[in-house]
Structure formats: structure tokens, C-alpha cells
Amino acid sequence: MFENLQVSIRFSTVLGVKSPFSRTMPLRFQLWKLPVLFVAFFLPLWGTHADDESSVRIDIIGGTANPVDFEVQNVSEGEVLGKATHQQASLAFPASKDWQKGAVTILPHNSGNIHIIFLGPWLPVSPGSRELVPEIVNFDDFTSDEVTIHNGSFEVVDEYGNPKYFIKGEIPESKPAVDESNQARVVEGDASEGRRYIRVWHNSRFATTVSVTVNVPVTFRFHYRLNP
Ligand SMILES: [Ca+2]
């Protein structure tokens, strides 16, 4: 969970920087307009255990300025990594190279914004190593019946080719380096829904922000697979 803690701290730092965009705009609009090259919302921590190599990961962080407390109520075919805290959870879902459905339900204890981060498993090449196996995974069709999600099918891209309403985060001094071969990006082709989906790994990922309401359970659904 220390890893997640650092995620939260770094994310707060990034969001604490005054945006050149209107301060009256909702947070999610500021987020997707931030220059993607300078957005890195976590620092790595070199723990003692690796995630399952055949898995995808979703991290949920309970906002920044007015943190949202929440609990994880249900996870489909997946598990909560470590111990979820009241403001953050890291979830792993077993994956194959075929698209499959996943879901997670949370119960917010107050209203506000939460961040959903799509990434791959944390896989050091050896115990204690900073170098990771870049396991690339795919996500598509991110939906919810209870809250508004913008561009959850990743069909709309911005001028950088990134999905609108999402921000890209990359680990500084990533090993291996983030480059064209492994950078988080939108892929066109064998999508689960529509024409496009995202590929990400642990050190290069996308995140989006959604607004939640106190005591209204929210189920997030998505499709995922290991990169074929
Ligand atoms: Ca899609």
C-alpha cells in the first residue's frame, strides 16, 4: 500500500499546481487539458512482492483537495491488493489475451471526485529491482450506470492521440524507459467496443476523474485483456 500512498501524494502535488485553465471548470476538464508529457501522478515503490503477471490493475484514489472516503464493496473475479484504505484501493483482475469483463463497486462516504487509474501489473525483473517487466495490458468500454464517464470507450482522441478526458502518467526514470514501443496510447483495431481501446503498463498509464455522491454505490464496468 505504500506504493499507493505515494501515488496519492504525487497526484496531489500535480493537481496542486495552478492550471492555466479556468479555475471554475470542473476538475475533470482541467485534468484532461494538462500537458500529458509533464503529468506523472505517482512514484514507484520497490516492494517485496510482485503482482500476478497475468493480470491488469485498476487503482482508485479518493481525490485530492476534498478527498473522498470510500470502501470497496465488490470486485468481480479480482482482488484488492494489499489492504485498501479509506481513500485508495489497488485492484488486480486475472487476465488472458481475450477480452473479458471486469467490475468493481465502491461506496463513497462523502461526495467529490475520485481518480480511476488504468495500468498493468507491477513486475520487478528480480526482487528489489527497479527494472520492471513491461507487461502491457488493454482496457476498453469503461462504463457505469450511476455516474457520468466521459469517453470510456476511448473512441475520441485529442491532438496528441491520447483519449480525451484522460491524462497520461509516466514514472520518472522508468526502467525500462518509456518509449514508442511501450508508451500508453490509444490503439485502433481489435477493440472490445467500437474501434479503439487503450494499452498501458505499470509505468505508463491513463487516468480519469469521476464525480461520486455520498452513500450512492457506484459500479464501474470495463473490458480488459493482456496485450495480444
Ligand atoms: Ca472502444
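Predicted model only: the values in this text are computed from it and were never measured.

Caption draft 1: A look at the overall build of the chain. Counting its regular elements, the chain contains 2 helices and 12 strands. The order of helices and strands in the chain, counted from the N terminus, is α-α-β-β-β-β-β-β-β-β-β-β-β-β. Counting all 228 residues of the chain, 40% fall into the buried class. A separation of at least 24 residues holds for 78% of the contacts in the chain among residues at least 6 apart in sequence.

Caption draft 2: Seen up close, the environment of V156. Along the chain, V156 turns up in the loop between β7 (137-143) and β8 (167-170). Assessed through the 13 C-beta atoms surrounding it within 10 Å, V156 is described here as partly exposed. Taking the C-alpha atoms as reference, V156 lies 9.4 Å from V186; in sequence the two are 30 residues apart. Once residues within four sequence positions are removed from consideration, V156 is found in contact with N151, P163 and K164.

Caption draft 3: The arrangement of the sheet that holds strand β4 (residues 88-94) in detail. Read from one edge of the open sheet, 6 strands run β3-β4-β1-β6-β11-β8, paired in antiparallel fashion. Taken across any chain shown, the strands that pair with only one partner, and hence form the sheet edges, are β3 (79-80) and β8. As judged from the 7 bridges shared by strand β1 (residues 55-61) and β4, these two strands associate in the antiparallel manner. Paired with R57 across the two strands is A92, which belongs to β4.

Caption draft 4: A look at unusual backbone geometry. At the junction of K175 and P176, the peptide bond is cis and its omega measures out at -5 degrees in the coordinates. Mapped onto the secondary structure, P176 falls in the loop between β8 and β9 (185-188). The phi angle at E173 is positive, at roughly 55 degrees, despite the residue not being glycine. Among the structural elements, E173 can be located in the loop between β8 and β9. On the basis of neighbour counts, which here come to 10 C-beta atoms within 10 Å, the residue E173 falls in the exposed class.

Calculation notes
- Residues numbered from 1 in each chain as written.
- Predicted model: local features only at pLDDT ≥ 70, side-chain atom pairs only at ≥ 80, totals over all residues.
- Helix = DSSP H or I, 4+ residues; strand = E, 2+ residues; numbered from the N terminus.
- Buried ≥ 20, exposed ≤ 12 C-beta atoms within 10 Å, placed from the backbone.
- Contact = placed C-beta atoms within 7 Å.
- Pairing = 2+ DSSP bridges.

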